[in-house]
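As a plain string of letters, each chain reads:
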Amino acid sequence: MCAALWPGLVAAQDDLPGWRDTRWGMTAADVEAALGGDLLRLPGRWLYGGAYADLAVQEVEIGGVAFTAYLQMNAKSDRLQQVLLERRRTGAVPAAFEQVVEALVADYGPPAADCARAKSGGRPLDYEVTWRFPSTTLHAKFLDFSTTAVFSRDPQAEHRSEDHTSELQSRCSAWGS
């Protein structure tokens, strides 16, 4: 289970310019100055396609669920490109993902898109919820290779909660598929 980034509470903002006190395009020195003592230097450079991470922040909480944040730098420019929040296998369960999505909906409102694709042909259950802002796209993603879990929600819950207006069922919306 992962989220592409997790900024602080921004209910009154129209944009998310970065994660916590960082901003997209910062150098590693800028990131270190912004996050200070919260940073952990990783043992070596972790590669992520066209990005890498040398720095992380442990115990980042979203809705009471702990993640490790990997500050991913663009491999060509050496500037902050993305923050990946990851929760390893033993803690990456459907209930935790639902808890995270509920917290994100409470903070940011309904997502711009949500998509769940069932397991098939050796592929995992793939569930992604996305919020879009002018400077930032926030993705919450759940990949499940080992269980037969199905995401569903009480359809009446939508009518009982004014803050929770998007349905998070096993479906795709605003994705064209």
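Residues numbered from 1 in each chain as written. Predicted model: local features only at pLDDT ≥ 70, side-chain atom pairs only at ≥ 80, totals over all residues. Heavy atoms only, no water.

Let's talk about the overall build of the protein
Thought 1: Helix and strand content of the protein: three helices and nine strands.
Thought 2: For the protein, the α and β elements follow one another from N to C terminus as β-α-β-β-β-β-α-β-β-β-α-β.
Thought 3: Burial analysis of the protein (177 residues in total) assigns 43% to the buried set. (Helix = DSSP H or I, 4+ residues; strand = E, 2+ residues; numbered from the N terminus. Buried < 20%, exposed > 50% of the residue type's maximum accessible area, 1.4 Å probe, protein only.)

Here's the deal with the nonpolar core
Thought 1: Counting residues in hydrophobic clusters, the biggest one holds 37 residues, and the most contacted among them are Trp19, Val31, Val57, Leu71, Leu85, Leu104 and Trp131.
Thought 2: Considering every element that reaches this core, the biggest residue donor is helix 2 (residues 94–108), with eight residues.
Thought 3: In terms of nonpolar packing, the next biggest core, distinct from the first, is built from five residues, Leu42, Ala53, Ala56 and Tyr70 among them. (Core = buried A, V, L, I, M, F, W, Y, C linked by side-chain atoms within 4.5 Å.)

As for the pattern of salt bridges
Thought 1: Tallied over the entire structure, the rule returns four salt bridges.
Thought 2: Across the salt bridge formed by arginine 20 and aspartate 38, the nearest N and O atoms sit 3.8 Å from each other. Of this pair, arginine 20 sits in the loop between strand 1 (2–3) and helix 1 (28–35) while aspartate 38 sits in the loop between helix 1 and strand 2 (39–48), placing them 18 residues apart in sequence.
Thought 3: Judged by its relative accessible area of 32%, arginine 20 is partly exposed.
Thought 4: The partner of glutamate 32 in a salt bridge is arginine 41, with the nearest N and O atoms 2.8 Å apart.
Thought 5: We classify glutamate 32 as partly exposed; its relative accessible area is 32%.
Thought 6: The exposed category is assigned to arginine 41, whose relative accessible area is 53%. (Salt bridge = Lys/Arg side-chain N within 4 Å of Asp/Glu carboxyl O.)

Some points on the packing of aromatic side chains
Thought 1: By the definition in use, this model includes four aromatic pairs.
Thought 2: Considering the side-chain rings of phenylalanine 97 and tyrosine 127, the 5.2 Å spacing of their centres and the 55 degrees angle between planes classify their relative orientation as tilted. One end of the pair, phenylalanine 97, is in helix 2; the other, tyrosine 127, is in strand 7 (residues 125–132), and 30 residues separate them in sequence.
Thought 3: A relative accessible area of 1% places phenylalanine 97 in the buried class.
Thought 4: On the basis of relative accessible area, tyrosine 127 is assigned to the buried category, the value being 0%.
Thought 5: By the ring-pair criterion, three or more aromatic residues cluster together here, those being Phe97, Tyr127 and Phe142.
Thought 6: In this structure, arginine 45 is placed above the aromatic ring of tyrosine 52, and the distance from its NZ or CZ to the ring centre is 3.6 Å. (Phe/Tyr/Trp six-rings, centres within 6.5 Å; stacked < 30°, edge-to-face > 60°. Lys NZ or Arg CZ within 6 Å of the ring centre and 35° of its normal.)

Spatial relationships are all this shows, so hold off on functional conclusions.
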